[in-house]
Structures are given as structure tokens and as C-alpha cells.
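# Close look at the chain arrangement
Each chain, letter by letter, is given below.
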Amino acid sequence: MAIELPSELLQLEQAALDAQAAATAPSPPEGAWTAWREASIAVQVAITDHAAATNTSRVDVEMAVKKAVRHPEPDKD
């Protein structure tokens, strides 16, 4: 069963990944770790809220979000 994911949830996950990349760079900018922590919290809260709103397992939602952002399906033309 495919889980419907709002684009905002995918954008939050992407923002967390981008923040992680900035924070773990060889010379991270000031505040990068704080930005990563805040982005990670935001995506986790959104995942929990979406799971509750759709009566879906939180773990299933998180796995679907991570798969959609980190391993997107190629476009079918």
C-alpha cells in the first residue's frame, strides 16, 4: 500500500538533509548544527502529525518519506 505524502513533508525532509550536509561539511558555517537540529525536529514532528492524521504507522510514514526523498523514482515519460 502506497502512503500519500504531502509535498510539505518531503520538503521538510529535504531541508533536513541539506542542513545535515552543511553541518557536516569540513568547515561548517556558524549555526549549522542548530539549523540541522531544528530541521530534524521539524520533519519528525511533521511525520508524527501526518501519521496520526492518516491513522498510519509513524514508522511507515518515516520510511516512505526517506525513500521518496533519498531514492526518488525516476520519471516515467
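Description of the structure in this document. Residue indices begin from 1 for each chain and proceed along its sequence in written order. Under the rules for a predicted model, residues below a pLDDT of 70 receive no local features and side-chain atom pairs below 80 are neither given nor counted, while totals for whole chains, interfaces and linings still include all residues. Where side-chain values are given, they derive from all heavy atoms of the structure, hydrogens and water being excluded.

### Some remarks on helix α2 (residues 32-54)
Quick reminder of the rule: Only DSSP runs of H or I with at least four residues qualify as helices, and only runs of E with at least two residues qualify as strands; both kinds are numbered from the N terminus onward. What a helix is expected to span follows from its residue count: subtract one and scale by 1.5 Å. Burial classes: relative accessible area under 20% of the type maximum marks a residue as buried, over 50% as exposed, and values in between as partly exposed (1.4 Å probe, protein chains only). Here a residue-residue contact requires only that any non-hydrogen atoms of the pair lie within 4.5 Å.
The end-to-end C-alpha separation of α2 is 33 Å, in line with the 33 Å expected for 23 residues at 1.5 Å each. For α2, the full list of buried residues reads A32, W36, A39, V43, A46, I47, H50 and A51. Close packing links the buried residues of α2 with α1 (7-23) and α3 (58-70). Looking one or two places after α2, you find N55, whose phi comes out positive at around 55 degrees.

### Section: the nonpolar core
Filter applied, for reference: The definition of a nonpolar core used throughout is a set of buried Ala, Val, Leu, Ile, Met, Phe, Trp, Tyr and Cys residues joined through side-chain atoms within 4.5 Å.
Within the largest apolar cluster, 13 residues are counted, with the highest numbers of intra-cluster contacts made by L9, I47, V61 and V65. Taken together, the elements giving at least two residues each to this core come down to α1, α2 and α3. Of the residues forming this core, the biggest block, seven residues, is contributed by α2. Beyond its immediate stretch of four places on either side in the chain, V65 contacts L5, L9, L10, E13 and I47.

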